[in-house]
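Okay, here's what each chain looks like letter by letter:
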Amino acid sequence: MATVSALLPVFCSKANHHNHALEASFTRRAAEIADKSAGFTAPHPNFGCVIARGEKVVGEGFLYAPGTKCAELQAVEAARELGNGATAYMNMEPGDCHGDQTAVSALIKAGISRVVVGLRHPLQHLRGQAIQSLRAEGMQVDVLGEELQSKTLEDAIKSCLLVNAPLLYRASSRVPFSVLKYAMTLDGKIAASSGHASWISSKLSRERVFELRGRSDAVIVGGNTVRRDDPRLTARHGGGHLPVRIVMSQTLNLPEVANLWDNTEARTIVATQRGARKNFQKFLASKGVEVVEFDILNPRDLMEYCYDRGYLSILWECGGGLAAPAIADGVIHKVFAFVAPKIIGGERAPSPVGELGMVEMSQALELIDVTFEQIGPDMLISGFLQPIPDLSPVIPSANEIPLIDPTVTAYEPNIIFFYKTWDPYGAFSNFSPHPLQMPDENGEYVKWASIEHYYQAQKFLGVEDPLARETVEKIKAAKSPEEAARIGRTIQMKHPNLVRSDWDVVKIDVMYSALKCKFSIYPHLNSMLLTTAGSVLVEASPHDLFWGGGREGEGLNYLGRLLMQLRSEFLGETFTQDEGST
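Residues numbered from 1 in each chain as written. Predicted model: local features only at pLDDT ≥ 70, side-chain atom pairs only at ≥ 80, totals over all residues. Heavy atoms only, no water.

## Focus: empty space enclosed by the protein
Summed over all chains, the structure comprises one cavity of 30 Å³ or more. Considering only enclosed or pocket space, the largest cavity measures out at about 40 Å³ in volume. Every residue along the wall of the largest cavity is listed here: Arg 232, Thr 234, Arg 245, Asn 259, Asp 262, Thr 264 and Glu 265. The residue makeup of the lining of the largest cavity, split by class, is no nonpolar, three polar and four charged. (1 Å grid on protein atoms, 1.4 Å probe; cavity = no way out; pocket = protein on both sides within 12 Å on 5 of 7 lines; lining within 4 Å. Points joined across faces, edges and corners; volume = space filled by probe spheres on them. Nonpolar A, V, L, I, M, F, W, Y, C, P; charged D, E, K, R; others polar.)

See the structure below:
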């Protein structure tokens, strides 16, 4: 099989005055720093920016999380006056989901003379937008593989592909990027014949697994793993992002006592077949475990569900019985195999992958772009089952769509869905990077980094308890909306007595006042909201049945309703119940 680099386009040399080795080096550096955010907050598009004058780097920055200062603005601020006339290198085209073009305006105001982009943005509604805006301002923009073509740049392009592989796979296949991880002995066993599996790999290898979990939106196991190992599936890296734990079980033949039913550290979802053990479903719900029913439970449908939840990256830590159908369904994209120098034998000892129906070695699946790394006494072998998609030839920008097919409109005119901050209407999200000034309990105006920061803090405001006051300060200081939400939700779950007694009564008013402030002080957001007149707004979270629309439209969609109510207020109209229904 070919390697990832071999699957990249082969470029002919083009005569120009640029030093391609230097261009490649700075672009690789942008990809390298873009990866710094992994493990600190929910995975998201990874952006890095390096500003250089000649061979010297004068500024750089990376996007920590959605809702935080963009990489380009950080790099410009670090470069100061040295940014004037310099070149900015980015691993990926900026993604302006918020209508304010912060990244573009920062580069223009700094006097950047040239921009080098590793990849165009993979999402259709953002693809080419920033590049077009920069060129409209007279700035030179060179895209690797387009304006800049040479063999020297292939490694830099590969770095850009790798750092955003989850987003590229998601955009291409409409399922999250999935990694199958397992540890096995030298003779290919993941447990003894008795089922005992602790510990095959070394402590150093297990620490690497914690890293992988911290870079993932969710970790998936099967029922056998829960019954046999009773895992916690936490990242254990001292804070930051904690993935959701997902258990796949058709029959719900699961123990009543399990570490995964403790939601204080991380949330757990149990995916099962419709109608399975209703009493046990109620038991799980009483523990705070979310149960999701499928007509027929299989890896493909579960991944499509995870896609709808906005997940980018999934880690499969299951046994062979679940790994095989996941591979057969085509939802596994990469494999991490930790091989320990041990032999355990046993004809009935389980192997990492169950029956795939292959009878000849010529049918075997070969990994692409294989790497080998020694971790303590173990060997880590990793590679891709499917090549990283290069979307550059196939996904047009929103502006290009009418040229391809005039009958196709970019967005649905009657129902507008929004959820994640990278969606076309990402500015409607509570997690968008729009600070606001709102009064505290004493009537004094305080700056909040986002609506989510403000909303989560309001849960504990005015409660006479040191922990409540400490929580408010922690939320206020949270580096991203994701972290603010995690702090607020965790404390609410662990210490429900710290939540203000009138919270269920006032939370809608709290949200509405914050929304009104946000859409009043940012003219471009106000305009975006008003352009949706005549359309129903739906917060498309499949798991939030209060603020969101739910998986099958069963949610109350209060965020969408409040936005429509606010839109009507701005338009001087009367909000009707009919407009609010979904």
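Now that the structure is up, let's keep going.
## Some points on the sheet that holds strand E5 (residues 140-143)
Pairing in this open sheet of five strands is mixed, and the strands run E2-E1-E3-E4-E5 from one edge to the other. Looking along the sheet, the strands with just one partner apiece sit at the ends: strand E2 (56-62) and E5. Here the strands of the sheet are splayed against their neighbours by 20 degrees on average, with no regard to which way each runs. Looking at chain direction, strand E1 (residues 48-53) and E2 are connected through six bridges and run antiparallel. Bridging from a neighbouring strand, Val 50 pairs with Glu 60 of E2. Strands in contact with helix H3 (residues 71-79) are E1, E2 and strand E3 (87-90); relative to E2, the strand with the most contacts, it is inclined by about 145 degrees. (Pairing = 2+ DSSP bridges. Helix = DSSP H or I, 4+ residues; strand = E, 2+ residues; numbered from the N terminus. Axes fitted to C-alpha atoms, helices over the stretch in contact; angles between N-to-C directions. Contact = heavy atoms within 4.5 Å.)

## So, the nonpolar core
Burial of nonpolar side chains together is a common tendency in soluble globular proteins. Within the largest apolar cluster, 81 residues are counted, with the highest numbers of intra-cluster contacts made by Ile 51, Ile 112, Val 115 and Trp 261. In this structure Val 115 touches Ala 88, Met 90, Leu 107, Leu 134, Met 139, Gln 140, Val 141 and Asp 142, once residues within four positions along its chain are discounted. Listed in part, the 44 residues of the second largest apolar core include Ile 416, Phe 460, Val 472 and Leu 515. (Core = buried A, V, L, I, M, F, W, Y, C linked by side-chain atoms within 4.5 Å. Buried < 20%, exposed > 50% of the residue type's maximum accessible area, 1.4 Å probe, protein only.)

## Observations concerning the confidence of the model for the protein
Across the protein, the average pLDDT comes to 86, with 90% of residues at or above 70. Of the regions scoring below 50 in pLDDT, residues 1-16 engages in 36 contacts with residues more than four places distant in sequence or in other chains. Every residue in residues 392-413 is under pLDDT 50, and counting partners more than four places away or in other chains gives 24 contacts. (pLDDT = per-residue confidence, 0-100.)

## Quick word on the environment of Lys 287
Along the chain, the position of Lys 287 falls in the loop between helix H10 (278-286) and strand E10 (290-294). Not counting chain neighbours up to four residues away, the residues in contact with Lys 287 comprise Trp 261 and Asn 263.

## Notes on the packing of aromatic side chains
One pass over the structure, following the stated rule, counts twelve aromatic pairs. Judged by centre distance (4.9 Å) and plane angle (90 degrees), the rings of Phe 546 and Trp 547 are edge-to-face. A network of ring pairs unites the aromatic residues Tyr 455, Trp 503, Phe 546, Trp 547 and Tyr 558 as a single cluster. A cation sits over an aromatic face here: Lys 420 above Tyr 419, 5.1 Å from the ring centre. (Phe/Tyr/Trp six-rings, centres within 6.5 Å; stacked < 30°, edge-to-face > 60°. Lys NZ or Arg CZ within 6 Å of the ring centre and 35° of its normal.)

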